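Residue-level structure breakdown
So the chains spell out like this:
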Amino acid sequence: PSLFRLGKIYNQHLNEPENSVKSLQRLIDNYPINENVPEAHYMIYLISKGKDSSRMEVHKNILLEKYPHTIYAKMILNPNYLAESKLLNKQIMARYKVAYNAYLLKNYHEADSLFTLIQTDYPDSEFEPKIELVKTIIKARVGQKEDYRAGLQTYTEEYKSGAYHDYAQQLM
């Protein structure tokens with residue numbers, strides 16, 4: 001909600017970090033399942049760094065324990081995460097293009113193998129939902145209709161939102 005935007009404005013535009021923390025903490029307390037809560041914790045963590053070590057540790061621990069797969073937890077654990085991630089994504093994208101070209105050329109078994117290798121070499125990459133959906137579609141292309149239907153069902157249960165989820169639902 002607007003508490004998140006207000007917290008960002010206080011911090012980034014008005015240089016009022018304590019008012020930012022108050023707004024962000026209200027968001028966390030009043031709307032604990034809001035999608036901005038992890039980022040709010042991270043902002044409080046950053047604001048508190050070097051100023052309030054106990055508050056910093058509280059928000060750091062919350063991110064690491066409750067939101068370990070978020071970019072914010074990853075940036076706490078590895079300050080170079082964004083730069084490394086960008087480089088890694090370039091590598092994954094190059095391999096993805098090769099695998100997808102095999103798919104487009106109807107070399108489905110080769111494409112499936114290449115996508116599986118990407119998943120093995122780069123588990124939990126941001127490409128995972130996309131790769132998993134293409135692999136599911138490959139099942140239909142090679143005549144595994146029941147596996148395809150089950151795969152789409154599993155996919156929509158595992159990836160509950162986003163463009164690929166919506167597309168998978170259309171395919172069902």
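The coordinates are above.
Quick summary incoming for the structure in this document. All figures in this text were calculated on a predicted structure; none of them were measured in a lab. (Residues numbered from 1 in each chain as written. Predicted model: local features only at pLDDT ≥ 70, side-chain atom pairs only at ≥ 80, totals over all residues. Heavy atoms only, no water.)

1. Thoughts on the overall build of the protein chain
Each helix and strand counted, the protein chain has ten helices and zero strands in total. In sequence order, the secondary structure elements of the protein chain are arranged as α-α-α-α-α-α-α-α-α-α. Relative to the 2.2 N^0.38 estimate, which gives 16 Å for 172 residues, the radius of gyration of the protein chain is 21 Å and therefore markedly larger than a compact globule would have. Expressed as lengths along the three principal axes of its C-alpha atoms, the size of the protein chain is roughly 60 × 30 × 25 Å. Counting all 172 residues of the protein chain, 37% fall into the buried class. Put simply, 40% of the contacts in the protein chain that link residues at least 6 apart link residues at least 24 apart. (Helix = DSSP H or I, 4+ residues; strand = E, 2+ residues; numbered from the N terminus. Rg over C-alpha atoms; globule rule 2.2 N^0.38 Å. Buried < 20%, exposed > 50% of the residue type's maximum accessible area, 1.4 Å probe, protein only. Contact = heavy atoms within 4.5 Å.)

2. Considering unusual backbone geometry
At N15, a position not held by glycine, the phi torsion is positive, near 55°. Tracing the chain through its elements places N15 in the loop between α1 (2–12) and α2 (17–30). Overall, N15 belongs to the exposed group, its relative accessible area being 65%. Within the chain, K106 stands out as a residue other than glycine whose phi angle is a positive 65°. Within the secondary structure layout, K106 lies in the loop between α6 (81–104) and α7 (108–121). For K106, a relative accessible area of 60% corresponds to the exposed category.

3. Section: the packing of helix α9 (residues 145–158) against helix α10 (residues 163–171)
Running from N to C, α9 and α10 point in directions that differ by 145°, and their axes come no closer than 9 Å. As α9 packs across α10, the resulting crossing turns out to be left-handed. Between α9, through Y148, L152, Y155 and T156, and α10, the contact on the second element is made entirely by Y164, H165, A168, Q169 and L171. Tallied by class, the residues present in the contact of α9 with α10 amount to six nonpolar, three polar and no charged. (Axes fitted to C-alpha atoms, helices over the stretch in contact; angles between N-to-C directions. Left-handed = near helix turned anticlockwise from the far one by under 90°. Nonpolar A, V, L, I, M, F, W, Y, C, P; charged D, E, K, R; others polar.)

4. Considerations on the side chain of T156
With respect to the helices and strands, the residue T156 is situated in helix α9. What makes T156 buried here is its relative accessible area of 9%. Of note is the side chain of T156, whose polar atom sits 3.0 Å from the backbone oxygen of Q153. (Polar contact = N/O pair within 3.5 Å; in protein donor to acceptor, adjacent residues only side chain to side chain.)

5. Thoughts on the nonpolar core
Y103, F115, I118 and I138 are the most contacted members of the largest nonpolar core, which totals 22 residues. Every element with two or more residues in this core is listed here: α6, α7, α8 (128–141) and α9. The element contributing the most residues to this core is α8, with six residues. By size, the runner-up hydrophobic cluster in this structure holds 19 residues, among which are V21, M43, L63 and M75. (Core = buried A, V, L, I, M, F, W, Y, C linked by side-chain atoms within 4.5 Å.)

6. Regarding the pattern of salt bridges
Tallying each qualifying case throughout the model produces six salt bridges. Across the pair K8 and E39 runs a salt bridge, and its minimum N-O distance is 3.6 Å. Pair noted here: K8 is in helix α1 and E39 is in helix α3 (residues 37–48), with a separation of 31 residues, a long-range link. By relative accessible area, which is 24% here, K8 ends up partly exposed. With a shortest N-O distance of 3.2 Å, R55 and E18 are connected by a salt bridge. (Salt bridge = Lys/Arg side-chain N within 4 Å of Asp/Glu carboxyl O.)

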